[in-house]
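Structure at a glance
Residues per chain are reported as follows:
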Amino acid sequence: MEIKFYEIKRRDVTEGLMKGVVESKGASKGCVKVKSGKLYIKIKDKNLKKILNQPYTVRVREKDKDGKLFLRTVVHQPGELEHLKAFASGCWQFGYLAKIKR
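Residues numbered from 1 in each chain as written. Predicted model: local features only at pLDDT ≥ 70, side-chain atom pairs only at ≥ 80, totals over all residues. Heavy atoms only, no water.

We now examine the sheet that holds strand β6 (residues 96-101). Read from one edge to the other, the open sheet built from four strands follows the order β3-β2-β1-β6, with strand pairing classed as antiparallel. One side of each edge strand has no neighbouring strand; the edge strands of this open sheet are β3 (38-43) and β6. Going from strand to strand, the sheet's axes swing by 30° on average, the running direction of each strand aside. Of the strand pairs in this sheet, strand β1 (residues 2-13) and strand β2 (residues 20-35) are connected by eleven bridges, and their pairing is antiparallel. Bridge assignment links Glu-2 to a residue of β2, and that residue is Lys-33. (Pairing = 2+ DSSP bridges. Helix = DSSP H or I, 4+ residues; strand = E, 2+ residues; numbered from the N terminus. Axes fitted to C-alpha atoms, helices over the stretch in contact; angles between N-to-C directions.)

The next thing to look at is the pattern of salt bridges. Applying the stated criterion to the full structure yields five salt bridges. Among the salt bridges present, the one from Glu-23 reaches Arg-10, with a minimum N-O distance of 3.0 Å. Here Arg-10 lies in strand β1 and Glu-23 lies in strand β2, a separation of 13 residues in the sequence. Overall, Arg-10 belongs to the partly exposed group, its relative accessible area being 49%. Here Glu-62 ties to Arg-72 by a salt bridge, and the two come within 2.7 Å at their closest N and O atoms. Taken together, the residues span a long stretch of sequence, with Glu-62 in strand β4 (residues 56-63) and Arg-72 in strand β5 (residues 69-76) at a distance of ten residues. According to the relative accessible area criterion, Arg-72 is partly exposed, its value standing at 37%. (Salt bridge = Lys/Arg side-chain N within 4 Å of Asp/Glu carboxyl O. Buried < 20%, exposed > 50% of the residue type's maximum accessible area, 1.4 Å probe, protein only.)

Set out below in structure tokens:
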């Protein structure tokens, strides 16, 4: 598995009928590869590297035995495969875009 990270490039558009902010894929910030259970991290961006080296918390919706929904907090530690997957799906919150190749 390989995850490539890019910055999100934002551009204000105020011409014609389009008004607002357009987001697109920006410069490459590095990649993380997983081979035979080992992580190979090649990240150029200091902020992204800092985020990847911190625990990442996600909230998971689940049902109890009565069928009621509840939220469970899961903390993924750096270096875990689940940590990378969770961060890749939510990295837009930090201004990054992830492209996952399995």
